[in-house]
Amino acid sequence: QSLERAVTALVDNALKFSAPAGTVEIRISEQNGKVLLSVEDQGIGIDPEIRPRIFDRFFHLERHGDELYSGLGIGLSITRQVIQQHKGTLEVESEPNRGSRFIISLLKW
């Protein structure tokens, strides 16, 4: 159930930071004995300067251009913690103004 919440948090973030007509893709694959789940959007992306801090507790983006974003800044922190508790990893690939992809990697049961 906690793993489901972690994935839901990633999807919620992808929707939150995407344009109204944007798309969010969720993919599941198997590679080298691991299950990979990725959540990809074509939203605002993450500035390389703040990328190292996005998993810090209470860090969140408040404004991007004219857009205001609400939140406590604990979603990605908790998401990463839950995935680590399941012996997995969470990685991010992102380019400003081109979107982000979060990749969960878990050992296959």
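Just so you know, these numbers come straight off a predicted model, no measurement behind them. (Residues numbered from 1 in each chain as written. Predicted model: local features only at pLDDT ≥ 70, side-chain atom pairs only at ≥ 80, totals over all residues. Heavy atoms only, no water.)

A.B. asks: Can you tell me about the environment of Ser94, naming the residues and giving the values?
C.D. replies: Note on placement: Ser94 falls in strand β5 (residues 89-95). Considered as a pair, Ser94 and Gly45 are 49 residues apart in the sequence and their alpha carbons are 5.5 Å apart. When neighbours within four sequence positions are excluded, Ser94 is seen to be in contact with Gly45, Ile46, Arg51, Gly99 and Ser100. Within polar-contact distance, the side chain of Ser94 engages the backbone nitrogen of Ile46 at 2.7 Å. (Helix = DSSP H or I, 4+ residues; strand = E, 2+ residues; numbered from the N terminus. Contact = heavy atoms within 4.5 Å. Polar contact = N/O pair within 3.5 Å; in protein donor to acceptor, adjacent residues only side chain to side chain.)

A.B. asks: Tell me about the pattern of salt bridges, residues and numbers included.
C.D. replies: Applying the stated criterion across every chain, the model contains 4 salt bridges. The partner of Glu95 in a salt bridge is Arg98, and the shortest N-O contact between them spans 3.7 Å. Looking at Arg98, the relative accessible area reads 61%, which means it is exposed. (Salt bridge = Lys/Arg side-chain N within 4 Å of Asp/Glu carboxyl O. Buried < 20%, exposed > 50% of the residue type's maximum accessible area, 1.4 Å probe, protein only.)

A.B. asks: Any chance you could break down the environment of Glu25 for me, citing the residues and the numbers?
C.D. replies: Within the fold, Glu25 resides in strand β1 (residues 24-31). A residue is classified by how much of its surface remains accessible, and Glu25, at 31% relative accessible area, is partly exposed. Along the primary structure Glu25 and Arg101 are separated by 76 residues, whereas in three dimensions their C-alpha atoms are 9.1 Å apart. Excluding residues within four positions of it along the chain, Glu25 makes contact with Ser38, Val39 and Glu40. At a separation of 2.3 Å, a polar atom in the side chain of Glu25 contacts the side chain of Arg27.

A.B. asks: Break down the sheet that holds strand β2 (residues 34-41) for me, citing the residues and quoting the values.
C.D. replies: Consider a sheet: its strands pair through backbone hydrogen bonds, and that pairing is either parallel or antiparallel. Read across the open sheet, the 4 strands follow the order β1-β2-β6-β5; overall the sheet is antiparallel. Each edge of the open sheet is held by one strand with a lone partner, namely β1 and β5. Taking each pair of neighbouring strands and ignoring which way they run, the sheet shows an average axis angle of 15 degrees. Judged from the 7 bridges that link them, β5 and strand β6 (residues 99-107) form a sheet pairing that is antiparallel. What sits directly across from Glu95, in β6, is Gly99. Lying on the sheet, helix α1 (residues 2-16) is in contact with β1, β2, β5 and β6; it crosses β2 at an angle near 25 degrees. (Pairing = 2+ DSSP bridges. Axes fitted to C-alpha atoms, helices over the stretch in contact; angles between N-to-C directions.)

A.B. asks: Report on the nonpolar core, specifying residues and quantitative values.
C.D. replies: Core analysis: the biggest nonpolar cluster contains 19 residues, and Leu10, Ile54, Phe55, Ile83, Leu90, Phe102 and Ile104 have the highest contact counts within it. Of all the secondary structure elements, the ones that give two or more residues to this core are α1, β2, α2 (75-85), β5 and β6. Looking at this core element by element, the count peaks at 6 residues for α1. Excluding its chain neighbours within four sequence positions, the residues that come into contact with Leu90 are Leu10, Phe55, Thr79, Arg80, Ile83, Phe102, Ile103 and Ile104. (Core = buried A, V, L, I, M, F, W, Y, C linked by side-chain atoms within 4.5 Å.)

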